[in-house]
Amino acid sequence: MIAAQAALETKMLLRNGEQLLLTVVIPTLLLVLFSAVDIVDTGKGKAVDFLAPGVLALAVMSTAFTGQAIATGFERRYGVLKRLAASPLPRRGLMTAKTLSVLVTEVLQIALLTAIAFALGWSPHGNPFAVLLLLLLGTAAFSGLGLLMAGTLKAEATLAAANLVFLLLLVGGGVIVPLDKFPGAVESTLGLLPISALSDGLRDVLQDGAAMPWADLGILAVWSVLGLGAAARFFRWE
């Protein structure tokens, strides 16, 4: 039942034009545009080496947080979740299916973005296990926050808030603009955000060759526990 629901969730996500815009088109355009045009000072080395890890982090956020929050919010509004909760599929099974759908979509995103980055001259290196751990913790953190938003706000408010957060974190999360371009106090605060921890952690490994970015992993772990815990506590099915 979980596998069937996960397949359905994935098909629905991939058929949704707005979700494809968030999950595929925008990250791809950002990667290509900012790699080809010298708009932002990304420091030493090729721009794509700085941008690719940040865009991968953005892809995780767009699927696990923004896309999932919007889709789940409207499912809740139209009573879809209420009907599914009354089906033989248990609520935990539904949440598992949604998580699997997010992971499948992320695999497709990462494969596409990685291929494009390689075509642009990306030269990654580092510990693959550290990259995988960062991506999994980032997914858990953003999924928890997305489900919390979808389960507590009205669908229209979720739509507006999720898109606004996406734009704000795109600008201030170290995805395109390095955090060291911000004032010191602001930089320290922004560094505690999950998107900043994910993008910086991926950059430390893939660009700088760090073995294990423990500080960034710790930040993501805290956000994962807080987000998933709050979503489990406050999520309303109706």
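For the structure itself, look to the data block above.
Residues numbered from 1 in each chain as written. Predicted model: local features only at pLDDT ≥ 70, side-chain atom pairs only at ≥ 80, totals over all residues. Heavy atoms only, no water.

Attention now moves to the pattern of salt bridges. A side chain of one charge can pair with a side chain of the opposite charge when the charged atoms of the two come close. Per the counting criterion, the structure on display carries four salt bridges. The partner of Glu9 in a salt bridge is Lys98, and the shortest N-O contact between them spans 3.3 Å. Here the residue Glu9 occupies a position in helix α1 (residues 2–15), and Lys98 occupies one in helix α5 (residues 91–119), the gap between them amounting to 89 residues. Each member of the pair, Glu9 as well as Lys98, carries the same accessibility label: buried. For Glu156, the salt bridge goes to Arg77, with nearest N and O atoms at 2.4 Å. (Salt bridge = Lys/Arg side-chain N within 4 Å of Asp/Glu carboxyl O. Helix = DSSP H or I, 4+ residues; strand = E, 2+ residues; numbered from the N terminus. Buried < 20%, exposed > 50% of the residue type's maximum accessible area, 1.4 Å probe, protein only.)

Let us look at the side chain of Thr114. Mapped onto the fold, Thr114 is located in helix α5. For Thr114, a relative accessible area of 19% puts it in the buried group. Within the local environment of Thr114, its side chain forms a polar contact with the backbone oxygen of Ile110, the two atoms lying 2.6 Å apart. With residues up to four places along the chain from it excluded, the contact list for Thr114 reads Leu56 and Trp122. (Polar contact = N/O pair within 3.5 Å; in protein donor to acceptor, adjacent residues only side chain to side chain. Contact = heavy atoms within 4.5 Å.)

Before going further, it helps to examine the nonpolar core. Formed by 47 residues in total, the largest nonpolar core has its most connected members in Leu31, Met61, Phe142, Ile176, Leu198 and Leu202. Those elements that provide at least two residues to this core are α2 (17–36), α3 (47–77), α5, α6 (128–152), α7 (155–172), α9 (194–206) and α10 (214–234). Element by element, the count of residues in this core is highest for α3, at 15 residues. Every residue in contact with Leu31, bar those within four places of it in the chain, is listed here: Val48, Leu51, Ala52, Val55, Leu113, Ile116, Ala117 and Leu120. By size, the runner-up hydrophobic cluster in this structure holds eight residues, among which are Leu84, Leu89, Leu147 and Trp237. (Core = buried A, V, L, I, M, F, W, Y, C linked by side-chain atoms within 4.5 Å.)

Our focus in this paragraph is the packing of α3 against α5. Contact pair α3 / α5: the axes reach a minimum separation of 10 Å and the direction vectors enclose 150°. Between α3 and α5, the angle falls in the class roughly antiparallel. The two elements α3 and α5 cross, and the hand of that crossing is right-handed. In contact with Val48, Ala52, Val55, Leu56, Ala59, Val60, Ser62, Thr63, Ala64, Gln68, Thr72 and Glu75 of α3, α5 contributes Lys98, Val102, Thr105, Glu106, Gln109, Ile110, Leu113, Thr114 and Ala117. Here the contact of α3 with α5 is composed, by residue class, of 11 nonpolar, seven polar and three charged. (Axes fitted to C-alpha atoms, helices over the stretch in contact; angles between N-to-C directions. Parallel < 35°, antiparallel > 145°, perpendicular 65-115°, else oblique. Left-handed = near helix turned anticlockwise from the far one by under 90°. Nonpolar A, V, L, I, M, F, W, Y, C, P; charged D, E, K, R; others polar.)

For any two aromatic rings, the description comes down to two numbers: the centre-to-centre distance and the angle of the planes. This structure, assessed with the given rule, holds two aromatic pairs. Their ring planes at 40° and their centres at 5.6 Å tell us that Phe118 and Trp122 sit as a pair that is tilted. Judged by relative accessible area, which is 45%, Phe118 ranks as partly exposed. Directly above the aromatic system of Phe50 lies the positively charged group of Arg203, at a separation of 3.8 Å from the ring centroid. (Phe/Tyr/Trp six-rings, centres within 6.5 Å; stacked < 30°, edge-to-face > 60°. Lys NZ or Arg CZ within 6 Å of the ring centre and 35° of its normal.)

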